[in-house]
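# What the coordinates show
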Amino acid sequence: MRVTLVGADFEENLGLGMLSACARRAGHRDFVVPFDEPGSVNEVVRDVLATRPDVVGLAIQFQHRAAEFLDLARRLRRAGFEGHLSCGGQFPTLAAEDVLRHNDAVDSVVLHEGEQTLPALLDALDAGTPLSDVAGLALRDEDGAMLRTPPRPLLRDLDELPFPTRYRPHARHMGVPFIPIMGGRGCWGACAYCSITSFYRDARAHGGGPMLRHRSPEDVATEMALLWHAAGGQAVFCFHDDNFLLPKPEASLKRIRAIRAALDDLGVGKAAMIGKCRPDSLTPELAKELAALGVIRLYVGVENASQRGSDHLNRKNQTACVSQALRACREAGIFVCYNLLIFEPDARVDDIRENVAFMRDHAQHPVNFCRAEPYVGTPLCGDLESRKNLGGSYLGHGYRITDDQTELLFRVCSSAFRQRNFEASGVANRSMGLGYSLKLLEFFHESAPGPLASLQRRSLQLTRAIVLETASFLDTAMVLVEQCAADEDALMRETALLGLRVAAADRVRHAELDAIHADFARLVTSTREPIRERPKPPPRLLALAQTALLGASLATWTEACSCEPIQQIIEHFNPTPVVDPVVPPADPLPIDPPTLVNDPLPLDPPPQIEVTDPAPMELPTTEQDTTRSTTMRHRRRRPPRPYPIVNDPVPRDFMREQVPPNDPPPPDMPLPDPVPRDPPSMHKAASTDKLLTTRLIDQWRDTTQRRAMRSNDLAMHAPPVVSLNARREEGIVHVSLLGGPEQISLRWEGDGAIEGEGRGVRWTPETPTDQIRVAVRSKGGVAVVALRAATI
């Protein structure tokens, strides 16, 4: 069978790589197509169809992108795809019934972990046997209702899995190959908002098996060694484990030491490691040992520094440990950043003040703040539903904070901090790259102590300035709400002014970030080490590299990304291998190389920061297609026909009356006629002159929903959804405001000359760091957007 896997590809997607390796091991032919931005959906459709798949698998890990992937499924049907279409990941597993009920384009959901279920599904489709016999699926029965096939237990021994397919070149961070890797799965926590633990609890409830599992240190080290040697003898390994550390510090230390010892035996030299951990699993002694073993960065799950807020989110005793964990990392020289879920259903303004005080106490560590989101299937979602305080649909839920003043504060912050906190290139996101970049320079470029000391000082000063500035703006927002809560006009006016102040401050911070990141790049260029002889892998590793199990997953690198196929390494050091050489995968799918950006972005923030104010992304409705067979038979081909737009569920009311937004979403556009084009090369690597890397899969994204639905008993219940479009003609930039209702008031500000008024102005910036910004006010709320001259 030919299976095409589609998923996010901001960095190497380990989930897709694992599924690819398992499909190959079962004898199927696989392809990977990236889907990173909703605007690329038509190109993704063309790329998928170009692979001539029998099966398409959509990897929908994050709920905020569910509507985009389900729209892709419908477009694939309209474009003529007639095979089996399945989806998997945390979101479709926990929302399987709704996904199948409301999306006729989807044939099945692969529940929980898919490494065993996907090959079994492909085998059944190939043989024409009933899919109801395949364990671990959700299907439709003959009446269209969801049917779960027999449950599949969680895999106990992760060493049984093949190494993931490395389907594209590695990204580079400060010139060093950045390699995602998985060492374990699961978490012993029970945080109310966490979709990860909910996913594993659901798996255990249906099929059994341990939630917390780890690969053996030897298995992890073998994969790392193969990757390290293939990358040329340098690498930073990003462990995407749900918890990099174990519950007991002594167990964590034993495991990391065992991995490092195995790496030494396999000829691995300098390799950095990064991961994420719970605060209660990290001690000062452990942090020092981790730093000595090559750990340069940890994301520490602080989440809420108020004990009340921590209790509401079921964080247990985390609050007592967070200061110690941050201090331990700081003293050990490990870079750390964190996130604060300061807004949660029962938050009070006093809780927000506690979190702001915590930010000030730890201003040397970059931080972002947001609201805890009720992801489908989580305890938080269930609790809000039982309290009749859950709005939206399975595509995106929302709620009203029970305290009026805190709910107003959330609405003010959503408008004023939107670009600073939630854009991928926002100040909060970019500032988190400073400390991480420094640690990479310290670890891999030791020959420049003087310049490094200056960059360390400047980076720390800028980090502290940004954190303290954010805290000050939060203080202003709290005062604003206290003084203007009863005056809606004053509240919206002051929110607009605050948003403009935040945007103006962002302009200054972006210029400072640009300067430091440029100095980072210059330092890397000036301290490049001379070409050295490739480290020789030990005979045991060469023997392992020749096995089909390992080599088939690791055979697709190119010299353009400073990596070599495993077979070339074998031939370099052992020209006459004893066993058959590794055969590269057949029919590799050409994909675009990653887009480079000017600075590495932070790693592994928790999914809770992905949505500012979630709401259902409802689609225009038509009648459901009633002609489609709902049987579970193998469906290889069927006559092509236009695919309908389906009815998404009507959001349930919560707390108070819901107000429709002023600006409806754009209509679902028909797929344009395909345009013939040459496919890009899969193995076309990014220029080696570009030292800094591509976006990461779990970085902060601008995921503000196109529609917001809030209770109308308070002000700012329906803020306008707007964006800026710019077109440069010689020295003049024509800037247009897009979106929003017809009746709005605008206030333009910026650097340089601004001519005109209304939705379109002419802007003449004087320097690349200049910025234009606008506050937009409607009857329902406020939005502030800004644009930098350097980005046009």
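One can find the structure itself at the top, above this paragraph.
Reading guide: rules and limits
Residues numbered from 1 in each chain as written. Predicted model: local features only at pLDDT ≥ 70, side-chain atom pairs only at ≥ 80, totals over all residues. Heavy atoms only, no water. Salt bridge = Lys/Arg side-chain N within 4 Å of Asp/Glu carboxyl O. Helix = DSSP H or I, 4+ residues; strand = E, 2+ residues; numbered from the N terminus. Buried < 20%, exposed > 50% of the residue type's maximum accessible area, 1.4 Å probe, protein only. Pairing = 2+ DSSP bridges. Axes fitted to C-alpha atoms, helices over the stretch in contact; angles between N-to-C directions. Contact = heavy atoms within 4.5 Å. Expected span 1.5 Å × (residues − 1). Polar contact = N/O pair within 3.5 Å; in protein donor to acceptor, adjacent residues only side chain to side chain. Parallel < 35°, antiparallel > 145°, perpendicular 65-115°, else oblique. Left-handed = near helix turned anticlockwise from the far one by under 90°. Nonpolar A, V, L, I, M, F, W, Y, C, P; charged D, E, K, R; others polar. Phe/Tyr/Trp six-rings, centres within 6.5 Å; stacked < 30°, edge-to-face > 60°. Lys NZ or Arg CZ within 6 Å of the ring centre and 35° of its normal. Core = buried A, V, L, I, M, F, W, Y, C linked by side-chain atoms within 4.5 Å.

With that out of the way, let us pick up the pattern of salt bridges. Applying the stated criterion to the full structure yields 46 salt bridges. A salt bridge links Asp-107 to Arg-77; the shortest N-O distance between them is 2.7 Å. Taken together, the residues span a long stretch of sequence, with Asp-107 in the loop between helix 5 (96–102) and strand 5 (108–110) and Arg-77 in helix 3 (residues 66–78) at a distance of 30 residues. Given a relative accessible area of 2%, Arg-77 falls into the buried group.

Judged by pairing direction, the sheet is mixed, and its seven strands sit side by side in the order 2-1-3-4-5-6-7 without closing on themselves. Of all strands in the sheet, those with a lone pairing partner are strand 2 (29–34) and strand 7 (146–148), marking the two edges. Mean inter-strand twist for the sheet, computed between neighbouring axes without regard to direction, equals 25 degrees. Pairing of strand 1 (residues 2–7) with strand 3 (residues 55–59), which is carried by four bridges, proceeds in the parallel orientation.

Taken in spatial order, the seven strands of this open sheet run 8-9-12-13-14-15-16, and their pairing is mixed. Sheet topology places strand 8 (171–173) and strand 16 (367–371) at the edges, where each strand pairs with a single neighbour. Averaged over all neighbouring strand pairs, the angle between strand axes comes to 25 degrees, with direction disregarded. As judged from the three bridges shared by strand 8 and strand 9 (residues 176–181), these two strands associate in the antiparallel manner. Within strand 9, the residue paired with Arg-172 across the bridge is Pro-177. Across the sheet, helix 13 (residues 349–361) touches strand 15 (335–343) and strand 16, and the angle it forms with strand 15 is around 165 degrees.

For the rest of this paragraph, the subject is helix 15 (residues 404–416). For helix 15, which comprises 13 residues, the first-to-last C-alpha distance of 18 Å matches the rise-based estimate of 18 Å (1.5 Å per residue) to within 8%. Most of helix 15 sits out of view: eleven of its 13 residues are buried. Thr-406, Glu-407, Leu-408, Leu-409, Phe-410, Arg-411, Val-412, Cys-413, Ser-414, Ser-415 and Ala-416 are the residues of helix 15 that are buried.

Relative to the helices and strands, Cys-22 resides in helix 1 (residues 14–25). Note on Cys-22: relative accessible area 3%, which makes it buried. The sequence separation of Cys-22 and Gly-114 amounts to 92 residues, and the corresponding C-alpha distance is 9.2 Å. Residues in contact with Cys-22, not counting those within four places in the same chain, are Glu-115, Pro-119, Leu-161 and Pro-162.

Once that is clear, we can look at the side chain of Arg-420. Within the secondary structure, Arg-420 sits in helix 16 (residues 418–422). Judged by its relative accessible area of 1%, Arg-420 is buried. A polar side-chain atom of Arg-420 sits 2.7 Å from a polar atom in the side chain of Glu-469. In this structure the side chain of Arg-420 is engaged in a polar contact, spanning 2.8 Å, whose partner is the side chain of Thr-470. With residues near it in sequence (within four places) discarded, Arg-420 still touches Gly-426, Val-427, Ala-428, Asn-429, Ile-466, Glu-469, Thr-470, Phe-473, Val-502, Ala-505, Asp-506 and Arg-509.

Our next topic: the packing of helix 17 (residues 427–444) against helix 18 (residues 449–484). Here helix 17 crosses helix 18 at 155 degrees, and the two axes come no closer than 10 Å. Classified by the angle their axes make, helix 17 and helix 18 are roughly antiparallel. Of the two elements, helix 17 crosses helix 18, and the hand of that crossing is left-handed. Between helix 17 and helix 18, the contacting residues are Val-427, Ser-431, Leu-434, Leu-438, Leu-441 and Glu-442 on the first element and Leu-452, Leu-455, Gln-456, Ser-459, Leu-462, Thr-463 and Ile-466 on the second. Here the residues of the contact of helix 17 with helix 18 sort into eight nonpolar, four polar and one charged.

So, on to the environment of Ser-323. Structurally, Ser-323 is set in helix 12 (residues 319–332). Within polar-contact distance, the side chain of Ser-323 engages the side chain of His-362 at 3.4 Å.

Our focus in this paragraph is unusual backbone geometry. With a phi angle near 55 degrees, Arg-52 is a residue other than glycine that sits in the positive phi range. You can see Arg-52 is positioned in the loop between helix 2 (41–50) and strand 3. Despite not being glycine, Lys-388 has its phi angle at roughly 55 degrees, a positive value. Residue position: Lys-388 is located in the loop between helix 14 (379–386) and strand 17 (391–393).

Next up on the list: the packing of aromatic side chains. A complete count under the given rule lists eight aromatic pairs for this structure. Ring centres of Tyr-338 and Phe-358 lie 5.7 Å apart, and the angle between their planes is 85 degrees; this geometry places the pair in the edge-to-face category. On the criterion of sequence distance, the pair formed by Tyr-338 in strand 15 and Phe-358 in helix 13 is long-range, its members being 20 residues apart. Per residue, the accessibility class of Tyr-338 equals that of Phe-358, and both read buried. For the ring pair Phe-443 and Phe-444, a centre distance of 4.9 Å and an interplane angle of 70 degrees mean the geometry is edge-to-face. For Phe-444, a relative accessible area of 1% corresponds to the buried category. The ring of Phe-35 carries the charged tip of Arg-65 above its face, separated from the ring centre by 4.9 Å. A cation sits over an aromatic face here: Lys-270 above Phe-443, 5.6 Å from the ring centre.

Glancing now at helix 19 (residues 488–526). Look at helix 19: 56 Å from first C-alpha to last across 39 residues, which is about the 57 Å you get at 1.5 Å a residue. The distance from a side-chain oxygen at the start of helix 19 to the backbone nitrogen of Asp-489 is 3.3 Å, and the residue carrying that oxygen is Asp-487.

Let us look at the packing of helix 15 against helix 18. Packing of helix 15 against helix 18 brings their axes to within 9 Å, and their N-to-C directions diverge by 130 degrees. Judged by the angle between their axes, helix 15 and helix 18 are oblique. The chirality of how helix 15 crosses helix 18 is right-handed. Here Gln-405, Leu-408, Leu-409, Val-412 and Cys-413 of helix 15 come into contact with helix 18, specifically with Leu-474, Ala-477, Met-478, Leu-480, Val-481 and Glu-482. Among the residues forming the contact of helix 15 with helix 18, the class breakdown is nine nonpolar, one polar and one charged.

A few words now on the nonpolar core. Counting 111 residues, the largest nonpolar core has Met-224, Phe-237, Leu-282, Leu-290, Leu-298, Val-300 and Phe-343 as the members making the most contacts within it. Contacts of Leu-298, omitting those with residues within four sequence positions, involve Phe-244, Gly-275, Lys-276, Cys-277, Leu-282, Leu-290, Cys-329, Ile-334, Phe-335, Val-336 and Cys-337. Core analysis: the next-biggest nonpolar cluster, separate from the first, contains 34 residues, Phe-35, Ala-66, Leu-70 and Ala-138 among them.

Looking now at the side chain of Glu-469. Here Glu-469 is to be found in helix 18. At 3.2 Å, the side chain of Glu-469 and the side chain of Arg-509 are in polar contact. With near-sequence residues (within four places) excluded, Glu-469 lies in contact with Arg-420, Ala-505 and Arg-509.

Before going further, it helps to spend a moment on the pairing of strand 24 (residues 771–778). Buried residues dominate strand 24, accounting for seven of its eight residues. As judged from the six bridges shared by strand 21 (residues 745–750) and strand 24, these two strands associate in the antiparallel manner. Counterpart to Gly-750 in the pairing with strand 24 is Ile-772. The sheet contact formed by strand 24 and strand 25 (residues 781–788) spans eight bridges and is antiparallel. Of the residues in strand 25, the one forming a bridge with Arg-777 is Val-782. In sequence, strand 24 turns back onto strand 25 through a hairpin of two residues.

Geometric values such as these leave the question of function open.
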